[in-house]
Amino acid sequence: MYFHVCINNLLCYLIYFYIFSVPLRLCGKLSSERLRKINMRNFIKNAINKAPKVDYLEIRIEENQTTKVDFIGKELENIGVTTKIGGNVRALVNGGFGFVSFNNIEQLETHIKLAIQEATLTGKSKTQFAFAQPVVDSKIISGGKDPREISLEEKYHLCQQYNSIILNFSPLIQTSKVTYRDYYKKQYFANSQGTDILQEKVFSGISFVAMAKDGMNVQQAHTSTGDYCGYETVQGLDDKVENVSRLAVDLLKAKSIQGGKYTVVLDPELCGVFIHEAFGHLAEADHIYENEKMEELMKLGKRFGGDELTIIDDATLQLQAGSYTYDEEGIPASKTEIIKNGIFLNRLHSCETAAKMDAKPTANARAINYNFEPIVRMSNTYLEPRNLSFEEMISDVKEGIYAKGYIGGNTDCEMFTFSAQQAYLIKNGQVKKLLRDIVLTGNVFETLMNIEAIGNDLIFYGGLGGCGKNGQSPLPVSCGGPHIRIKNIVIGGK
């Protein structure tokens, strides 16, 4: 009552604020200093040991630092460095999960109690969770120059240089966009099974967009690169920026093609996007285990392609955008053969879906940051290469389309639609004129069966875009493949 009366009186409120806010703010400063001195791994383990016993309990604490530089047209739209510290608790009781994310780490015990309370209220059945052997480890994923050692001014000048290349390429260039990001993530993970992991990652990436205009005709081109190979990833890209600018201008003169069914050769980038978007998401077990239709559609042992078709998800690849050492449930990263020699062998799992589908976890439980629960996601997903060169692949194509890159699209269960960034007519085994407005559509399972040639030139693509699912975007992933040739693809055209 006393408090209620005071805060409805301005004078009392000011007195209250003066008396109590100063020590509170001092307390906040002390907290920050104290946090820096905390042995975080011991702090988390002690909190788990003191917590009430439940079926499962995990804690993830993260320190994140992100650098941003954004140019749009001639303007610098955004520049700066942000740092965040926070964490989450996930509890499992009688099959029910409780999840609490927070920024106040010193209140960890309170957050644990709340997560357990949530789990207790929702849990009404037997717990199903694939408990793994405990792991104690420390790993860092980083190569080359650490971007944190590069000044913000140097990053600004690099982006300004790339932006100038686009804007000065041609009078037909209407506008530009250059987006730079680097981030450092330090992640502590521990669970009630005894796992105790420290992972650090340092990512660098950049993307470019060039937009050209001629009257009412507007065309754009883009490219992006990003991985854990160091600051070198974003340096020396002048040629790539010029190519993007040139493509945007050239597309102004390109023509559309008559719609219909064509033999289509996909470049490694579009092959990777097709595998990730059209098929990879269907292989994520959380889409399957509570959906009878999907479970039948994605039944293990089904043939989805010819003997040469093998699709893999591999988080253990070195320094790719989707690489990690442990997923967000502390499961060691692994290589999963989703399709091998045309046969559907494995789904992608978290500990929850693995237990519910009588499978082993595949280390695909991921979250974009501490605000989110881990869900089933891909890592580095690709189609395995074979022996054909690009020239051999197109040599017997009388009339077809060579589709490169990706500017958008969507998937709806087994149906897909993708727009190629650029495309060329293939005539009697030769790559001919540039085309535009090439939209590929079809049924993913029919399309996989129609892959009739697989190249020998595997390339991975990462970049800033990432993957989006259930409100978590962008999650760093990479996808890739070699050139592939597919018959009877429906192409939307004029």
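Residues numbered from 1 in each chain as written. Predicted model: local features only at pLDDT ≥ 70, side-chain atom pairs only at ≥ 80, totals over all residues. Heavy atoms only, no water.

**A few points about the environment of Q318**
Phase 1: The residue Q318 is located in the loop between β9 (311-314) and β10 (335-340) in this model.
Phase 2: Residues Q318 and G143, 175 residues apart in the sequence, show an inter-C-alpha distance of 9.4 Å. (Helix = DSSP H or I, 4+ residues; strand = E, 2+ residues; numbered from the N terminus.)

**Thoughts on the pairing of strand β1 (residues 56-72)**
Moving residue by residue along a regular strand, the side chains alternate between the two faces of the sheet.
Phase 1: Across the 17 residues of β1, 12 count as buried, placing the element largely inside the fold.
Phase 2: Hairpin connection of β1 to strand β2 (residues 75-93): 2 residues between the antiparallel strands, including G73 at a positive phi of 60°.
Phase 3: Where β1 meets strand β5 (residues 173-191), 15 bridges bridge the pair, whose relative direction is antiparallel. Bridging across to β5, I72 finds its partner in K177. (Buried < 20%, exposed > 50% of the residue type's maximum accessible area, 1.4 Å probe, protein only. Pairing = 2+ DSSP bridges.)

**Topic: the packing of helix α5 (residues 152-167) against helix α6 (residues 238-250)**
Phase 1: Direction vectors running N to C along α5 and α6 enclose 30°, while the axes themselves pass 9 Å from each other. When the axes of α5 and α6 are compared, the crossing they make is right-handed. Contacts from Q161, Y162, I165 and I166 of α5 reach α6 at D238, V241, E242 and S245.
Phase 2: Per-class residue counts for the contact of α5 with α6 are 4 nonpolar, 2 polar and 2 charged. (Axes fitted to C-alpha atoms, helices over the stretch in contact; angles between N-to-C directions. Left-handed = near helix turned anticlockwise from the far one by under 90°. Contact = heavy atoms within 4.5 Å. Nonpolar A, V, L, I, M, F, W, Y, C, P; charged D, E, K, R; others polar.)

**A look at the environment of M415**
Phase 1: Along the chain, the position of M415 falls in strand β17 (residues 415-419).
Phase 2: Here M415 falls in the partly exposed class, since its relative accessible area comes to 42%.
Phase 3: The contacts of M415, once residues within four sequence positions are left out, are N410, G442 and N443.

**With respect to the side chain of T223**
Phase 1: Here T223 is to be found in strand β7 (residues 217-227).
Phase 2: Using a relative accessible area of 19% as the deciding quantity, one classes T223 as buried.
Phase 3: Ignoring anything within four residues of it in the chain, the contact list for T223 reads I206, S207, F208, K240 and V244.

**Here's the deal with the nonpolar core**
Phase 1: The biggest cluster of nonpolar side chains holds 50 residues, and the ones touching the most others in it are L266, F279, M298 and L448.
Phase 2: Counting residues in hydrophobic clusters, the runner-up holds 28 residues, among them C159, L237, V241 and V244. (Core = buried A, V, L, I, M, F, W, Y, C linked by side-chain atoms within 4.5 Å.)

**A few points about the packing of aromatic side chains**
Phase 1: Evaluated as defined, the whole model comprises 20 aromatic pairs.
Phase 2: Each ring, one from F71 and one from Y156, has its centre 5.7 Å from the other, and the planes form 35°; the classification is tilted. Of this pair, F71 sits in strand β1 while Y156 sits in helix α5, placing them 85 residues apart in sequence.
Phase 3: Exposure remark for F71: the relative accessible area of 4% places this residue in the buried category.
Phase 4: Overall, the relative accessible area of 23% leaves Y156 in the partly exposed class.
Phase 5: A centroid spacing of 5.1 Å and a plane angle of 80° characterise the contact between Y162 and F208, whose relative ring orientation is edge-to-face. One end of the pair, Y162, is in helix α5; the other, F208, is in strand β6 (residues 196-214), with 46 residues separating them in the sequence. F208 matches Y162 in its accessibility class, with the two residues each being buried. (Phe/Tyr/Trp six-rings, centres within 6.5 Å; stacked < 30°, edge-to-face > 60°.)

**Structural notes on a nonpolar patch on the surface**
Phase 1: Taken together, the side chains of L76, I79, V81 and L152 make up a nonpolar region of the molecular surface, amounting to roughly 280 Å² of accessible area.
Phase 2: Broken down by element, the residue count for the nonpolar patch peaks at 3 residues, all from β2.
Phase 3: Summarising the element assignment, V81 is placed in strand β2.
Phase 4: Accessibility expressed as a relative area gives 46% for V81, which makes it partly exposed. (Patch = residues over 30% accessible without salt bridge, like charges linked within 9 Å, V, L, I, M, F, W, Y side chains within 5 Å. Areas by Shrake-Rupley, 256 points an atom, 1.4 Å probe, with all protein chains shown as cover. Salt bridge = Lys/Arg side-chain N within 4 Å of Asp/Glu carboxyl O.)

**A closer look at the state of the cysteines**
Phase 1: For the structure shown, the criterion picks out 0 disulfides.
Phase 2: The thiol of C271 is unpaired, and the distance to the nearest cysteine sulfur, on C479, comes to 8.8 Å.
Phase 3: For C271, a relative accessible area of 0% gives the class buried.
Phase 4: The structure places no disulfide on C467, whose sulfur is separated from the nearest cysteine sulfur, that of C479, by 9.2 Å. (Disulfide = S-S within 2.5 Å.)

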